Amino acid sequence: MVASDYRNFEIIVADNGSADDSVSFLQQFYPAIRLIQFPVNYGFAKGYNEALKQVESDYFMILNSDVEVHPGWLTPMIGLLENDQNIAACQPKILSYNNKKLFEYAGAAGGWLDKYGYPFAKGRIFDVCEEDHGQYDQTEPIFWASGAALFIRAKVFHEMMGFDEYFFAHQEEIDLCWRIQLAGYKIYSCPSSVVYHVGGGTLPRGNSLKTYLNFRNNRIMMWKNMPLSKKLWVLTVRSFLDSLSAWKGLLTGDGGYFIAIARAQLAFLKWWLFYQDKKFFPASTKGKLSGYFNKNMVWQHFAKKKNSFSEIVGKTK
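**Student:** Requested: an account of the overall build of the chain, with residues and values cited.
**Tutor:** Counting its secondary structure elements, the chain contains 10 helices and 12 strands. Relative to a compact globule of 317 residues, whose C-alpha radius of gyration would be 20 Å, the chain shows 19 Å and is just as compact. By its C-alpha atoms, the chain is 50 × 45 × 40 Å across when sized along the principal axes. Counting the 317 residues in the chain, one finds 48% classified as buried. Sequence separation of 24 or more characterises 71% of the internal contacts of the chain that already satisfy a separation of 6 or more. When the accessible area of the chain is evaluated, it comes to approximately 15,300 Å², of which 55% is carbon and sulfur surface. Distance between charge centres in the chain, computed from 35 positive and 30 negative side chains, equals 9 Å.

**Student:** I'd like a description of the packing of aromatic side chains, backed by residues and values.
**Tutor:** A full pass over the atoms with the stated rule returns 27 aromatic pairs. Aromatic pair F60 and F157: ring centres 5.9 Å apart, planes at 90°, arrangement edge-to-face. With F60 in strand β3 (residues 59–63) and F157 in helix α4 (residues 154–159), this pair connects stretches of sequence that are 97 residues apart. Ring geometry for F120 versus F293: centroids 6.0 Å apart, planes at 75°, classification edge-to-face. Placement of the pair is F120 in strand β7 (residues 119–121) and F293 in strand β12 (residues 292–293), with a sequence separation of 173 residues. Exposure class is identical for F120 and F293. Each is buried. Among the aromatic side chains, those forming a connected cluster through ring pairs are F103, W112, F120, Y136, F293 and F309. Just above the ring of Y105 sits the side chain of R124; from NZ or CZ to the centre is 4.0 Å. We note K231 situated over the ring of W223; from NZ or CZ to the ring centre the distance is 4.2 Å.

**Student:** Give a detailed account of the packing of helix α6 (residues 208–225) against helix α7 (residues 228–251), specifying residues and quantitative values.
**Tutor:** Any two packed helices are characterised by how steeply their axes cross, that is the angle between the axes, and by the distance between the axes. Taken N-terminus to C-terminus, the directions of α6 and α7 make an angle of 165°; their axes are 10 Å apart at the nearest point. As judged from the angle between their axes, α6 and α7 are roughly antiparallel. Considering the relative orientation of α6 and α7, their crossing is right-handed. Where α6 approaches α7, its residues F215, N218, R219, M222 and W223 are matched on the opposing element by K231, L232, V234, L235, R238, S239 and D242. When grouped by side-chain class, the residues that make up the contact of α6 with α7 number 6 nonpolar, 2 polar and 4 charged.

Scoring rules and cut-offs
- Residues numbered from 1 in each chain as written.
- Predicted model: local features only at pLDDT ≥ 70, side-chain atom pairs only at ≥ 80, totals over all residues.
- Heavy atoms only, no water.
- Helix = DSSP H or I, 4+ residues; strand = E, 2+ residues; numbered from the N terminus.
- Rg over C-alpha atoms; globule rule 2.2 N^0.38 Å.
- Buried < 20%, exposed > 50% of the residue type's maximum accessible area, 1.4 Å probe, protein only.
- Contact = heavy atoms within 4.5 Å.
- Areas by Shrake-Rupley, 256 points an atom, 1.4 Å probe, with all protein chains shown as cover.
- Lys, Arg positive; Asp, Glu negative; His and termini not counted.
- Charge placed at Lys NZ, Arg CZ, Asp CG, Glu CD.
- Phe/Tyr/Trp six-rings, centres within 6.5 Å; stacked < 30°, edge-to-face > 60°.
- Lys NZ or Arg CZ within 6 Å of the ring centre and 35° of its normal.
- Axes fitted to C-alpha atoms, helices over the stretch in contact; angles between N-to-C directions.
- Parallel < 35°, antiparallel > 145°, perpendicular 65-115°, else oblique.
- Left-handed = near helix turned anticlockwise from the far one by under 90°.
- Nonpolar A, V, L, I, M, F, W, Y, C, P; charged D, E, K, R; others polar.

In short, shape yes, function no, at least from these values alone.
Right, dumping it as structure tokens:
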């Protein structure tokens, strides 16, 4: 980040109640970096909301601490948003830090969503990450930009009230991008900018808490953003599919996975009854959605054995 060739920026680190020596390390070796400290872990969503209330800027670059960047990474994203005022946010191409030929799970070359709320990305289908051969180097609209490296207009972030804080972590960026699109803005991929993400540092894949948050938040997200006529039957189908997934986990010896999904289903009902916060609901529903796949990804991947974005979606332009 320090080596970026675009100079009109400030590096700010928001410390979410860390218990290690990261704060003292920053103070000792990078005293010029502005530090915002919280006494407790607010989670990804509230942590960023609180931190960005203290930042004055035209744009926010929300960047995970486990992302490697190179000098020219900011300029393409700034140029993209400067040239089209209707683009609210974008993401760079995200490759794996440990294997730089592979797309990384958290966003790859830009996020999409299927009709039942399953997130996937250009270069990543469920847990299958493709090799990058330049096949997704198109600068084009997507459904969601990854929270690991999210470049967003500050005024739009505040207009949307930021991330839904009930989510705590996981899929809050998809929910935010959905609300942004419904408000009439666009979300874009910007593959001329490239970063490398380690991933899984806080909650690795397979962690029961991560499973719980993903399933709970996904259901909340669909209820908030889908029209009533659609979400009733979509959530019914998703409940069935989630139950199948939970029982498969149990029968293959993963009791923690089963319990996490069961807890997520109950937590959604708890949220629906007691904790809906309308300020994090869509302010408008008139916008047209890009990056939306009107089919079932579970069927395409697990039944039809399709493992790449291009196999499933085909050409997007």
